[in-house]
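Residue-level listing of the chains:
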Amino acid sequence: MPAVDKLLLEEALQDSPQTRSLLSVFEEDAGTLTDYTNQLLQAMQRVYGAQNEMCLATQQLSKQLLAYEKQNFALGKGDEEVISTLHYFSKVVDELNVLHTELAKQLADTMVLPIIQFREKDLTEVSTLKDLFGLASNEHDLSMAKYSRLPKKKENEKFGDRVSIFAGAGLDQDSSVLCFLQLPGFSVEIWSPKLLFSLALNFDPPDIFVKTEVGKEVAAARRKQHLSSLQYYCALNGLQYRKRMAMMEPMIGFARGQINFFKKGAEMFSKSMDSFLSSVADMVQSIQVELEAEADKMRVSQQELLSVDESVYTPDVDVAAPQVNRNLIQKAGYLNLRNKTGLVTTTWERLYFFTQGGNLMCQPRGAVAGGLIQDLDNCSVMAVDCEDRRYCFQITTPNGKSGIILQAESRKENEEWICAIHNISRQIYLTDNPEAVAIKLNQPALQAVTPITSFGKKQETSCPSQNPKNSETENDKIVPKSTVSIPETEELIAPGTPIQFDIVLPATEFLDQNRGSRRTNPFGETEDESFPEAEDSLLQQMFIVRFLGSMAVKTDSTTEVIYEAMRQVLAARAIHNIFRMTESHLMVTSQTLRLIDPQTQVSRASFELNSVTQFAAHQENKRLVGFVIRVPESTGEESLSTYIFESNSEGEKICYAINLGKEIIEVQKEH
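Residues numbered from 1 in each chain as written. Predicted model: local features only at pLDDT ≥ 70, side-chain atom pairs only at ≥ 80, totals over all residues. Heavy atoms only, no water.

(A) Here's a closer look at the pairing of strand β8 (residues 389-396). Taking burial as the measure, the 8 residues of β8 include 6 buried ones, the bulk of the element. Where strand β7 (residues 380-386) and β8 come together, 6 bridges link them in antiparallel fashion. Looking across to β8, one finds that valine 381 is bridged to isoleucine 395. (Buried < 20%, exposed > 50% of the residue type's maximum accessible area, 1.4 Å probe, protein only. Helix = DSSP H or I, 4+ residues; strand = E, 2+ residues; numbered from the N terminus. Pairing = 2+ DSSP bridges.)

(B) Highlighting the packing of aromatic side chains. This model, assessed by the stated rule, comprises 13 aromatic pairs. Judged by centre distance (5.1 Å) and plane angle (45 degrees), the rings of tyrosine 68 and phenylalanine 73 are tilted. A ring pair is formed by tyrosine 88 and phenylalanine 276, whose centres lie 4.0 Å apart and whose planes are at 45 degrees; its orientation type is tilted. Of this pair, tyrosine 88 sits in helix α2 (residues 80-148) while phenylalanine 276 sits in helix α6 (residues 271-306), and the two are 188 residues apart along the sequence. An aromatic cluster is defined as three or more aromatic residues linked by ring pairs; in this entry it consists of Phe547, Phe607, Phe627, Tyr643 and Phe645. The ring of tyrosine 334 has arginine 350 lying over it, and the distance from NZ or CZ to the ring centre is 4.2 Å. (Phe/Tyr/Trp six-rings, centres within 6.5 Å; stacked < 30°, edge-to-face > 60°. Lys NZ or Arg CZ within 6 Å of the ring centre and 35° of its normal.)

(C) View of helix α15 (residues 651-670). Compared with the 28 Å implied by 1.5 Å per residue over 20 residues, the 29 Å span of α15 between its first and last C-alpha is a close match. The complete set of buried residues in α15 reads Gly651, Ile654, Cys655, Ala657, Ile658, Gly661, Ile664 and Ile665. Contact partners of the buried residues in α15: β10 (540-553), β11 (582-589), β12 (592-596), β14 (612-617), β15 (624-632) and β16 (638-647). (Expected span 1.5 Å × (residues − 1). Contact = heavy atoms within 4.5 Å.)

(D) Examining the pattern of salt bridges more closely. Counting across every chain of the model gives 20 salt bridges. Residue arginine 119 pairs with glutamate 120 through a salt bridge whose shortest N-O separation is 3.1 Å. Residue arginine 119 is classed as partly exposed on the basis of its relative accessible area of 26%. The closest approach of N and O atoms between glutamate 638 and arginine 630, which form a salt bridge, is 2.7 Å. Accessibility expressed as a relative area gives 47% for glutamate 638, which makes it partly exposed. (Salt bridge = Lys/Arg side-chain N within 4 Å of Asp/Glu carboxyl O.)

(E) The arrangement of a nonpolar patch on the surface in detail. The grouping of Leu306, Val308, Val312 and Tyr313 at the surface amounts to a nonpolar patch, some 400 Å² of accessible area in total. Positionally, tyrosine 313 belongs in the loop between α6 and β3 (332-340). (Patch = residues over 30% accessible without salt bridge, like charges linked within 9 Å, V, L, I, M, F, W, Y side chains within 5 Å. Areas by Shrake-Rupley, 256 points an atom, 1.4 Å probe, with all protein chains shown as cover.)

(F) Here's a closer look at the nonpolar core. If you look at the biggest cluster of nonpolar residues, it comprises 28 residues, and the most contacted ones within it are Leu23, Phe118, Val126, Tyr232, Leu236 and Leu239. Contributing elements (two or more residues each) for this core: α1 (17-67), α2 and α5 (205-268). A per-element tally of this core places α2 first, with 11 residues. Residues within four places of leucine 239 in sequence aside, it is in contact with Ala30, Leu33, Phe118, Asp122, Leu123 and Val126. By size, the runner-up hydrophobic cluster in this structure holds 26 residues, among which are Ala605, Ala617, Val625 and Ile629. (Core = buried A, V, L, I, M, F, W, Y, C linked by side-chain atoms within 4.5 Å.)

(G) Fine view of the sheet that holds β12. Spatial strand order, β13-β12-β11-β10-β16-β15-β14: 7 strands in an open sheet with antiparallel pairing. Two strands lie at the open edges of the sheet, namely β13 (603-608) and β14, each paired on one side alone. Along the sheet, successive strands turn relative to each other by an average axial angle of 30 degrees, direction set aside. Pairing between β12 and β13: 5 bridges, direction antiparallel. Bridge pairing in β13 places isoleucine 596 opposite serine 603. Lying over the sheet, helix α14 (residues 560-576) contacts β10, β14, β15 and β16, oriented at roughly 80 degrees with respect to β10. (Axes fitted to C-alpha atoms, helices over the stretch in contact; angles between N-to-C directions.)

(H) How the structure looks around unusual backbone geometry. If you check the backbone angles, aspartate 15 has positive phi at about 55 degrees while not being a glycine. Within the element layout of this structure, aspartate 15 appears in the segment before α1.

This is a description of form; function is not addressed.
Rendered as structure tokens:
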């Protein structure tokens, strides 16, 4: 080891300028060492902080690996192998976290702590001794200056001259008075002037008091400086050795901690871990191979899709003779929806439309699911001219009110949408072979495609037949023979018979909604809001009911037709997700059945009790009740319709009231 410069302790007492000059070199070295130690401590604390952060990071990583299983991935199928692998990795990370924690503790004890102790003990001691040495040197300089300023005194100078003040005051040796004697360093009270004069004649204060006291003060200051300088020199000399130790010990602790960490890590990541990592790497490689194969397929598909004719991108390329599929029972695509923003102003919004069962759904771009726009059952659709836009069509509700107006991108899309909605409105999607049924609806769909430009033309187009019997016959022909699977059901209700879900139009209105002369709507509000027959009626019973649906039937000879109608109505409501029901008050009298609006007390519908040919409650769900109505037609024939309700009370009570009303009618006829 190289030699170390030292301060000679023998020169501490002399305190020569050469010694002071050498001392300043040592002090400069100590100051530089202090600055460097502070910087080194910051670097080591940063390493320790990083190791602590590593502990927290590995702990958080382990928790996050376990959290993968709890994530609700929308496409999480086939992740079981990934979950088990991440669980194993979480266990490994936990074990690694233990090693990181031990390393952090070892770094704190063997690296950071020694350098802190060196700074707080050795460097602070040198700084404190430097301050003490400076104070002792200042005291020595002051005492030497005081000693140098002592006055020069004569040998025969007596103390009597200093107490002449007492004689001048008229004092003599016999006086008894208190006198004070002030001497350097002390004062004496003297009551006897004799004693005072005796002291004045036999005492010499400059030699004994002044020189002695100042000499002692110089000696004490010099001793104090000598002691502090020796301690200071020893501390500076020892610092030259301690600084080398202080630089080495922390790094030894750092190296040993890292080596211990690596050894334990090597023991933990043994051959079993190597085999596990190899299997995981093989799995990742297989996934990579599948990804590359899928990417190749997608590139080929992309090239094939991009190699199509440019006509695919042109909206109306075959405007002259488009290839229209008129047998669609479902359709999807973008349409422009007209919205009224004022009395005469409108806006158009491009939205994605699709059919679902008997409903027209709309889904804005970016929305998760679509919403209901229009119930297509029993609706009519036709092409219209709208402002300055082409390919527009209008959907009209079953009660004849104008519905929504939509615009297609091309003539083909326009005609296909009209045909699809026309087919869906006939509820052929409920049949066993809807496509075969749709073929028979092509001709009516072709008539609907023709644009309507005036009200007169609309009247002409909307009146294809004046004979309701012909319409019913045509509707029966729509259903192909291949759909007949249960003869008993066909004898009760014709396949594909439309169902009315709201008290707006009767079910039999479906075939006559485009006729010029419409039948009387039994569900329309009556002008007479009073019920005169109720005043004379022997029977008046009120029930709270909710209308579920109505449909035309083929016979009223058995109650099975009511049970089959209940089954079809409930099934249709489930298919279309229809939950809305109209609540009414059903009044049973001895003459009529009336459906009354509970809020306005307006009669929504009225049936003669004689026209009720069948009525029954459901055998299992006691709250379901239905009845068959026989209504005469203008052609001289009669139509049969069944109406299904859900009651707050038992359906048997309603049936009992209807039966009682019929018995009252029979008794009145006999009388």
